[in-house]
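# Chains, contacts and geometry: an overview
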Amino acid sequence: MFPRPLCQLPEGFHMAADGPPAWGNTVALRRIASHPLSRTRGHSNLLPTMLMFGVIVASSGLLLMIEKGILEEVKTPPPVGDQAWRSHRRHSAESFDEGDVDHQILQDIRNRTLNSICGQKDMPRSVWQLPTAQRRTVLKHILVNEKYKFLYCYVPKVACSNWKRVLKVLDGSLENVDVKMKMDHKNDLLFLSDFSVDEIKHRLKHYFKFMFVRDPMERLLSAYRNKFGEIKEYQQKYGVEIIRRYRKHSTSATAGDDVTFSEFVRYLLDEDVERMNEHWMPIYNLCQPCAVRYDFLGSYERLKADSHYVLERINAPKYIQFPERQAWYKPVTKDTLNYFICNTPRGLLKDLLPKYILDFSLFAYPLPNITTEHCRQ
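Keep in mind that this is a model prediction, so the values were computed, not measured.

Helices and strands together make up the secondary structure of the chain, namely 14 helices and six strands. The burial tally for the chain puts 54% of its 377 residues in the buried class. Relative to all contacts within the chain whose residues are 6 or more apart in sequence, the contacts with residues 24 or more apart total 70%. As displayed, the chain has an accessible area near 18100 Å², and 49% of this comes from carbon and sulfur atoms.

Closest axis-to-axis distance for the helix α7 (residues 216-229)/helix α8 (residues 232-246) pair is 8 Å, and the angle between their directions is 105°. The orientation of α7 relative to α8 falls into the category roughly perpendicular. Two secondary-structure elements touch here, α7 through Lys227, Phe228 and Gly229 and α8 through Tyr234, Gln235, Tyr238, Gly239 and Ile242. Looking at the contact of α7 with α8 residue by residue, the class counts come to four nonpolar, three polar and one charged.

Here we take up the pattern of salt bridges. Applying the stated criterion across every chain, the model contains nine salt bridges. The closest approach of N and O atoms between lysine 209 and aspartate 295, which form a salt bridge, is 3.7 Å. Taken as a pair, lysine 209 in strand β5 (residues 208-213) and aspartate 295 in the loop between α10 (283-287) and β6 (296-299) lie far apart in primary sequence, 86 residues in all. Arginine 214 is the salt-bridge partner of glutamate 218, the closest N and O atoms lying 2.9 Å from each other.

An α-helical turn contains 3.6 residues, so a residue and the one three or four places further along point in the same direction. Taking 1.5 Å per residue as the helical rise, helix α5 (residues 160-171) with its 12 residues ought to reach 16 Å, and the 16 Å between its terminal C-alpha atoms agrees with that figure. By the criterion of burial, α5 is predominantly enclosed, with 10 of the 12 residues buried. Listed in full, the buried residues belonging to α5 are Cys160, Asn162, Trp163, Lys164, Arg165, Val166, Leu167, Lys168, Val169 and Leu170. Among the residues trailing α5, glycine 172 stands out with phi positive, at a value near 85°.

Scanning the model with the defined rule gives 24 aromatic pairs in all. Members of the aromatic cluster, joined through ring pairs, are Tyr224, Phe228, Tyr234, Tyr238, Phe261, Phe264, Tyr267, Trp280, Tyr339 and Phe340. Here the basic side chain of lysine 201 rests over the ring of tryptophan 128, its NZ or CZ set 5.7 Å away from the ring centre. The ring of tyrosine 234 has lysine 227 sitting right over it, with the charged end atom 4.9 Å from the ring centre.

Okay, the nonpolar core next. One finds Trp163, Phe264 and Trp280 to be the most contacted residues of the largest nonpolar core, which totals 97 residues. With nine residues, helix α13 (residues 346-362) is the single largest residue contributor to this core. Apart from residues no more than four positions distant in its own chain, tryptophan 280 is found in contact with Arg219, Leu220, Ala223, Lys227, Phe228, Tyr234, Tyr238, Phe264, Tyr267, Leu268 and Tyr356.

Bringing the confidence of the model for the chain into the picture now. One rule of thumb: low pLDDT means the predicted coordinates there are not for detailed reading. The predicted model of the chain has a mean per-residue pLDDT of 78, with 71% of residues at 70 or higher. For residues 1-78, every residue scores under 50 in pLDDT, and the model assigns this stretch 169 contacts once sequence neighbours within four places are set aside. Within the model, the stretch residues 80-96 combines pLDDT values under 50 with 37 contacts to residues more than four positions away or in other chains.

What follows is about the state of the cysteines. Taken as a whole and judged by the stated rule, the model has three disulfides. At a sulfur-sulfur separation of 2.0 Å, the disulfide partner of cysteine 118 is cysteine 290. Since a negative S-S torsion denotes a left-handed disulfide, the cysteine 118-cysteine 290 link at about -70° is left-handed. Of this pair, cysteine 118 sits in helix α3 (residues 101-118) while cysteine 290 sits in the loop between α10 and β6, placing them 172 residues apart in sequence. Looking at cysteine 118, the relative accessible area reads 2%, which means it is buried. Cysteine 153 shares a disulfide with cysteine 287; S-S distance 2.0 Å. Disulfide cysteine 153-cysteine 287: the torsion about the S-S bond is -95°, which places it as left-handed. Taken together, the positions of cysteine 153 in strand β4 (residues 150-153) and cysteine 287 in helix α10 put the pair 134 residues apart, joining distant regions of the chain.

Conventions we followed
Residues numbered from 1 in each chain as written. Predicted model: local features only at pLDDT ≥ 70, side-chain atom pairs only at ≥ 80, totals over all residues. Heavy atoms only, no water. Helix = DSSP H or I, 4+ residues; strand = E, 2+ residues; numbered from the N terminus. Buried < 20%, exposed > 50% of the residue type's maximum accessible area, 1.4 Å probe, protein only. Contact = heavy atoms within 4.5 Å. Areas by Shrake-Rupley, 256 points an atom, 1.4 Å probe, with all protein chains shown as cover. Axes fitted to C-alpha atoms, helices over the stretch in contact; angles between N-to-C directions. Parallel < 35°, antiparallel > 145°, perpendicular 65-115°, else oblique. Nonpolar A, V, L, I, M, F, W, Y, C, P; charged D, E, K, R; others polar. Salt bridge = Lys/Arg side-chain N within 4 Å of Asp/Glu carboxyl O. Expected span 1.5 Å × (residues − 1). Phe/Tyr/Trp six-rings, centres within 6.5 Å; stacked < 30°, edge-to-face > 60°. Lys NZ or Arg CZ within 6 Å of the ring centre and 35° of its normal. Core = buried A, V, L, I, M, F, W, Y, C linked by side-chain atoms within 4.5 Å. pLDDT = per-residue confidence, 0-100. Disulfide = S-S within 2.5 Å.

Here it is, written out as structure tokens:
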């Protein structure tokens, strides 16, 4: 029996008096129909069931998540538009115990959810069943190592820069993982899209495949703070346009560096997921875990331990260790995430959930808690 969900449900769900979440009006169904999966014939009946299952799994996952290792005090401010935030106590990192029952339960939930949802009749079972654009996206996000025979689907804002460092060291194009240099995300890297059809099929069948996931809301906040708070290219390319679209009385003189998180969410609501920038495109769309059955699913919350497992699994040399967090990197804390979520209009977040619902459900992350009681704490 799954516990009653402890988080705010998307609009269209309501809590039955003595039971699990139930579907309310048809507004949610119409909204969810905008998800790319729902455009395929036969998915109209699949998505409600899938989303219901996802909400139950994500809610039960709230009781199982162990927030270790990455939650540290943030020392630099977010973009100008949301400076009124607070950071609190430092969360100490804890080492991973392979016998950790909670971790094993979480992995079991993820495996069962993937098997259940990906086993549905109309879900893709290979990259060749994907539409051309979706296939192109996933093949461009799977990195290949020929020497150690593995495939890694990189997800921006999920430690992908450090994993790319590891790949470059394994290939011999980088001296060591701690070299102080700006990461080149293209050169000296081999992508699955670089191969012929037969070569792709061979590698998908015989190579070890892995990916890493992260809480969807935390990943979005990380992308927002980094791209609109630090990167002028993103401020000019996306920030200026977002302000022009969603801010009353905006002027053409804006530098795009003061985008608020609420404005960013409004922008995401109007974007087609297949055309999103990779830094906020859903993980499902980037890596297609139903079309590519990964051998290992690591998580950002257990980055050090899961990365160590992968390095051992591919028989990497002992001297190669996953890099420590870069000194300049400022992680998202639980308190910071709660602040931004609780200061974003509830309606926006409810409307946003359907676009990322597969990331929440497939990877067993709790839906954001935006209840009044929680946000008053």
